[in-house]
Amino acid sequence: MKRVQLTAANSGQSQHKYLVILAEKDGLDRLNDDMLLPAETSFLRQGVERDVSNFFFPRAEGCVFVRLLKKESDPFAAGENARMAGNELLRDLRQYKIESVALRNTCADNRSLAFAEGLALGSYQFLKYYSQAGKKEKNLREIAVEGASETDIAELNSLLNAVFLTRDMVNEPQSHLNAVQLAEAVESAGKQYGFEVEVLEQHQIESLKMGGILAVNRASSVPPRFCILEWKPANPQNKKPVVLIGKGVVYDTGGLSLKPTDGMDYMKCDMAGAATVVGVMTAAAGNNLPLHIIGLIPATDNQIGERAMAPGDVIRMYSGTTVEVLNTDAEGRLILADALHYAKKYDPELVLDLATLTGAAVRALGTQVICYMGTAPENVKRDLEQSGWATYERLVELPLWKEFGEELKSNIADLKNIGSGNAGMITAGKFLEHFTSEYPWLHLDIAGPAYLRTANGYRTKDGTGVGVRLVYDFLKKHYAEK
Ligand code: BES
Ligand code: ZN
Ligand code: ZN
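This structure is a prediction, so every number in the text was calculated from the model and none was measured.

Enquirer: Before we go on, may I ask you to explain the layout of surface pockets in this structure?
Expert: Where empty space is left can be seen by rolling a probe of water-molecule size over the atoms. For the largest pocket, the calculated volume is near 760 Å³. In this structure, the largest pocket is lined by 32 residues; those nearest its centre are Lys 259, Asp 329, Thr 358, Gly 359 and Ala 360. When contributions to the lining of the largest pocket are tallied by element, the ones reaching two or more residues are helix 9 (261-264), helix 11 (332-342), helix 12 (359-365) and helix 15 (424-433). Its residues assigned to classes, the lining of the largest pocket comprises 10 nonpolar, 12 polar and 10 charged. Looking at the second largest pocket, its volume works out to about 590 Å³. Lining the second largest pocket we find 21 residues, and of these Arg 83, Glu 117, Leu 156, Ala 390 and Asp 473 sit closest to its centre.

Enquirer: Explain the coordination of the zinc ion (ligand 2) here, please?
Expert: Protein coordination at the zinc ion (ligand 2): the donors are Asp 252 (OD), Asp 329 (O), Asp 329 (OD) and Glu 331 (OE), at 2.0 to 2.2 Å from the metal. Viewed at the metal, the six donor atoms of the zinc ion (ligand 2) are separated by angles of 70 to 166 degrees, and the geometry they form is irregular. As a motif over one chain, the donors of the zinc ion (ligand 2) read D-x76-D-x1-E. The zinc ion (ligand 3) is placed at 3.2 Å from the zinc ion (ligand 2), the two being bridged by Asp 252. With Asp 252 in strand 10 (residues 248-252) and Glu 331 in the loop between strand 13 (322-325) and helix 11, this residue pair connects regions lying 79 residues apart in the sequence.

Enquirer: Could you clarify how one ought to interpret a nonpolar patch on the surface in this entry?
Expert: Together, Leu 256, Leu 258 and Ile 304 give the surface a local cluster of nonpolar side chains, amounting to about 260 Å² of exposed area. Relative to the helices and strands, Ile 304 resides in the loop between strand 11 (293-302) and strand 12 (313-316).

Enquirer: Help me out: how do you make sense of the sheet that holds strand 6 (residues 142-146) in this one?
Expert: Strand-to-strand pairing in sheets goes through backbone hydrogen bonds, with the strands running parallel or antiparallel. The six strands lie next to each other as 1-6-5-2-4-3, forming an open sheet whose pairing is mixed. The strands lining the two open edges of the sheet, one partner per strand, are strand 1 (5-9) and strand 3 (54-58). On average, each strand axis in the sheet is tilted by 20 degrees relative to the strand beside it, whichever way the strands run. Here strand 3 runs beside strand 4 (residues 63-68); their pairing, made up of five bridges, is antiparallel. Within strand 4, the residue paired with Phe 55 across the bridge is Val 66. Sheet strands in contact with helix 5 (residues 150-171) are strand 1 and strand 6, and its direction is about 175 degrees off that of strand 1.

The rules behind the values
Residues numbered from 1 in each chain as written. Chains lettered and ligands numbered in written order. Predicted model: local features only at pLDDT ≥ 70, side-chain atom pairs only at ≥ 80, totals over all residues. Heavy atoms only, no water. 1 Å grid on protein atoms, 1.4 Å probe; cavity = no way out; pocket = protein on both sides within 12 Å on 5 of 7 lines; lining within 4 Å. Points joined across faces, edges and corners; volume = space filled by probe spheres on them. Helix = DSSP H or I, 4+ residues; strand = E, 2+ residues; numbered from the N terminus. Nonpolar A, V, L, I, M, F, W, Y, C, P; charged D, E, K, R; others polar. Donors = N, O, S within 2.8 Å, 3.2 Å for Na, K, Ca; no water. Tetrahedral: all angles 85-135°; square planar, octahedral: opposite > 155°, others 65-115°. Patch = residues over 30% accessible without salt bridge, like charges linked within 9 Å, V, L, I, M, F, W, Y side chains within 5 Å. Areas by Shrake-Rupley, 256 points an atom, 1.4 Å probe, with all protein chains shown as cover. Salt bridge = Lys/Arg side-chain N within 4 Å of Asp/Glu carboxyl O. Pairing = 2+ DSSP bridges. Axes fitted to C-alpha atoms, helices over the stretch in contact; angles between N-to-C directions. Contact = heavy atoms within 4.5 Å.

Written as structure tokens, this is what we have:
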């Protein structure tokens, strides 16, 4: 299906059949006489006095929508407000089956790009498996943003495209996206968008002795994969690469520590971290981000079966550390640990992992927040949090105090893979930290916001693509623009 494209249109001049004017209550004077008829202007002013904020003026051909945006002194709230308003416009566009609109800004701060972003993100649909997908399709094709620069539009198009790719991957069920198919999807994204991909197969993973990945994969009928993605432009701003790692559990049954049906129906989303890494690489390559970035994706499913690892087993990780596996459902940390150890060979500037890692993160903080922790310096954390506000993919930091690590002591091996049960997102973080000596590190537990049962504005239901806009913004502002 064809996805929406943004285009740049001339300021205030587009002869579009369907025009959307963004306005604010105390800036109505900025609506020129040629935008509305005198009768419409007075209708608008009367409505605004009564706190009406959506207007619709039919024309002989097409129509004009006026959307009043609330004034916000906080620029982050203003951006989010515009994105949400953009998403709300969709209802009307769908009702009238409008496929192409022009946006004209009359707000004091230009909010049309954010409005267009919300409108575009909200219009996403995943219809692949409907026999009559065409009938369900309500797609918007074009948003012409008046006065926007071609560069801003191209960047936003490529970022949106990356979010859509990530959502598509997360929404794809394991029946159609197992670990081997995931690696193939990564390879084809690399070819299409211009980053390099190398895929390690089972025998290579075995000869490297990546014991975490192999243990999780043991009961599977599909071999594991380890994908290495690289975007290396000429003259990157960073001497040492930034490494992104994504949890690629294509399906998590829990293993022998089997999940109940209620939690399992969700678990095709357990590769959302991996899909986010693919999305960020796609956006970086698509926009020629002057930054050397490596992506690592350990991919497998977590299955039951007579060959499955069992609670009580001891495994030896790629780093040499031995782990007593007391719960086979705590599998994400086992495959991530091997990738975190692998990352050391790049002598990275920063390693950032993204994972749908714990139910504890969801229970504690819900779906609006990414739980994060790590050993990276304060300025890196503050910039990441700023990007969280800018993209409204917000984060909250949790502590990695050493006391939490005490819970991972095993009386048979170097570590056990679960803590006491309390603060599970932190003990998971402490487990990962064990494999991250030698470089600054950030861990983003996206289990809450990565997958939604019901839509939240432009965060459409199912895979949200969370993390793509956040990490792209962070990489760009923290490294590329300095
Ligand atoms: N994939 C799950 C975490 C998850 C839960 C992701 C809900 C998305 C939504 C992870 O592998 C898991 O099962 N974690 C366990 C760990 C526990 C056994 C220590 C959990 O959090 O319950
Ligand atoms: Zn699990
Ligand atoms: Zn999992």
